[in-house]
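Coordinates in review
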Amino acid sequence: MTNSDVAGRFSISNLPKSFIKFLEDNEIDPSVYCVNNLPRYIRLTGPLQQQLTLKELHEQFNGPVLPVDGIDNFFRIDAKEKIVDCQTYKDGKIFGMDLSSGMAVYSLDIKPDDHILDLCCAPGAKLCMIADLLANQGGIGTVTGVDISNHRASICKNLLKKYKVNRARIFVADGTQFSVMAPSYLEPLKRLVEANNRKNDANKKEEQRQQTKKYNNDERLETELMDSRKSDVKRSPIIRPFWAPQILRSDPQIINEKYLYDKVIVDAECTHDGSIAHILKYEKWGWDAFEKNFMNPDRINNLWDLQRKLIINAWNLLKTGGILVYSTCSLSRKQNEDVIGWFLSEHMNDAILEPIPSIGTLKTAPLRNNNNIDISNAVRFDPLISNTSGFFVARIRKQ
Ligand SMILES: C[S@@+](CC[C@H](N)C(=O)[O-])C[C@H]1O[C@@H](n2cnc3c(N)ncnc32)[C@H](O)[C@@H]1O
């Protein structure tokens, strides 16, 4: 029997003392762990024309499946539903992903030809969503994932294979030092996109013709092949990706400002205290493991520094005009508002904190700002107010 009360609800007193102390120190309301029936969310994956209908989705679950108002491809299901048992999950047609995480990806405002860097990518929920959004726009955009953990990168690779993602590559590297630029040799991807376009709806022939014409005229494509063959082009020794699909394997890794990334997401390593469902699993797994994994004081103290270093490197790899999204699944001010406040104060002249687009009817929690810097465009999701996991998102434009 677990320590939960007779009604099956979780009681705060069950949390380990070190965690309660952490919550107090970080002014996090412990009642977020007692929200009853926090819904789960699923995202439809894959090519738009093959996505499940609402009727097909209903057949997969016992309870209601509700489209999330104003947020494409996300559905709310009951907390008790078992996503892993669904055939459509096994077939790679749905992905269990909290809505708040999805909002971090939507904040990137992905365009068809964007080259996106995901600096803490594993296990890969956001990477897969980014790749889906790119593929469904029919352009030649790519996503590059980086994670420091070999083990977690393997999980990510398996996800990419399961969901048939074909425009994402993964590097195992320290995101604070990573320096590989966006892919510059895109001919194979261009051919793939053209082939897909030809396969698609016959009624769209004219549209495809225009699309192909567009790619043929694309200045970047014209120049990239020449660039990659020039002997005076600056390159570093090739850093082998941990995994890359065939079409991205021959990238020459040219060093040139024009191959900086259009968008970068830093879904930073954090204390994970906002991942309510995950934390509550430790009731079954044992709080000792939780304390060992999450409450190690050295790890926590190093996090502030790591988060700042990640955001600095992300900024260096981002194009002027590009978007940086910083997110965490923590509710602690130190890992969220303080990081963004510090960053903006360091970049008064070239960083603008923008509103995150289209949060639909989602309610957000008040920010906790202790700085003089205006960070009112950042967003906090909180189980008590947003009906999602705890999550923080900030979107910064480089000007
Ligand atoms: C919050 S998780 C990322 C979740 C992921 N974005 C997703 O949507 O599935 C943080 C990740 O950062 C990775 N990490 C920690 N330190 C890192 C570093 N210095 N460089 C790159 N990745 C790092 C961890 O291994 C972990 O996988």
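On a predicted model such as this, the values are computed, not experimentally measured, just so you know.

Bringing the pattern of salt bridges into the picture now. Where charged atoms from two side chains of opposite charge come close, those side chains can pair. What the rule picks out here adds up to 16 salt bridges. Here Lys-309 makes a salt bridge to Asp-305, at a shortest N to O gap of 3.0 Å. Taken as a pair, Lys-309 and Asp-305 lie in helix H13 (residues 297-316) at a separation of 4 residues, close to a single helical turn. Here Asp-305 falls in the partly exposed class, since its relative accessible area comes to 40%. Overlapping salt bridges, with partners in common, bring together Glu-187, Lys-190 and Arg-191 in one network.

All right, on to the site of the ligand then. If you check the shell around the ligand, you find 20 residues, and the closest are Cys-120, Asp-147, Arg-152, Gly-175 and Asp-267. In the environment of the ligand, an oxygen atom lies 3.0 Å from a nitrogen or oxygen atom belonging to the backbone of Ala-122. Ala-125 is positioned such that a nitrogen or oxygen atom in its backbone is 3.0 Å from an oxygen atom of the ligand. For the shell around the ligand, the per-class residue count stands at 10 nonpolar, 4 polar and 6 charged.

This part takes up the side chain of Gln-307. Mapped onto the elements, Gln-307 comes out in helix H13. Side chain to side chain, Gln-307 and Gln-335 meet in a polar contact 3.2 Å long. Setting aside chain neighbours within four positions, we find Gln-307 in contact with Ala-268, Glu-269, Cys-270, Tyr-326, Gln-335 and Val-339.

Each aromatic ring pair is characterised by the separation of its centres together with the angle its planes make. The full count for this structure, using the stated rule, is 14 aromatic pairs. A centroid spacing of 5.5 Å and a plane angle of 65° characterise the contact between Phe-19 and Tyr-33, whose relative ring orientation is edge-to-face. Of this pair, Phe-19 sits in helix H1 (residues 17-25) while Tyr-33 is found in the loop between H1 and strand E1 (40-44), placing the two residues 14 residues apart along the sequence. Per residue, the accessibility class of Phe-19 equals that of Tyr-33, and both read buried. Here the aromatic rings of Phe-171 and Phe-178 are separated by 5.2 Å at their centres, their planes lie at 55°, and the arrangement is tilted. Phe-178 matches Phe-171 in its accessibility class, with the two residues each being buried. In textbook terms, an aromatic cluster arises when at least three aromatic residues are bridged by ring pairs, as seen for Phe-19, Phe-22, Tyr-33, Tyr-282, Trp-285, Trp-287, Phe-290 and Phe-294. Above the face of the Tyr-89 ring, Lys-162 is positioned so that its terminal group lies 3.4 Å from the ring centre.

So, on to the confidence of the model for the protein chain. Confidence in the prediction for the protein chain averages 89 pLDDT; 89% of positions are at 70 or higher. A low-confidence stretch, residues 1-8 (pLDDT under 50), is modelled with 7 contacts involving residues beyond four sequence positions or located in other chains.

Strand residues, when the strand is regular, have side chains that alternate between the two faces of the sheet. The buried fraction of strand E8 (residues 261-267) is high, at 7 of 7 residues. In the sheet, strand E5 (residues 115-118) pairs with E8 via 3 bridges, with the strands oriented parallel. Paired with Leu-117 across the strands is Val-264, a residue of E8. Bridge analysis of E8 against strand E9 (residues 318-328) gives 6 bridges, and the strand direction is parallel. Within the sheet, the bridge partner assigned to Ile-265 lies in E9 and is Val-325.

On the basis of which strands lie adjacent, the open sheet formed by 4 strands has the order E2-E3-E1-E4 and antiparallel pairing. In the strand order of this sheet, the two ends are held by strand E2 (66-67) and strand E4 (94-96), each with one partner. As paired strands, E1 and strand E3 (residues 74-77) are joined by 4 bridges and run antiparallel to one another. Each residue of the ladder has a partner; that of Ile-42, found in E3, is Phe-75.

Basis of the calculations
- Residues numbered from 1 in each chain as written.
- Predicted model: local features only at pLDDT ≥ 70, side-chain atom pairs only at ≥ 80, totals over all residues.
- Heavy atoms only, no water.
- Salt bridge = Lys/Arg side-chain N within 4 Å of Asp/Glu carboxyl O.
- Helix = DSSP H or I, 4+ residues; strand = E, 2+ residues; numbered from the N terminus.
- Buried < 20%, exposed > 50% of the residue type's maximum accessible area, 1.4 Å probe, protein only.
- Near = heavy atom within 4 Å.
- Polar contact = N/O pair within 3.5 Å; in protein donor to acceptor, adjacent residues only side chain to side chain.
- Nonpolar A, V, L, I, M, F, W, Y, C, P; charged D, E, K, R; others polar.
- Contact = heavy atoms within 4.5 Å.
- Phe/Tyr/Trp six-rings, centres within 6.5 Å; stacked < 30°, edge-to-face > 60°.
- Lys NZ or Arg CZ within 6 Å of the ring centre and 35° of its normal.
- pLDDT = per-residue confidence, 0-100.
- Pairing = 2+ DSSP bridges.

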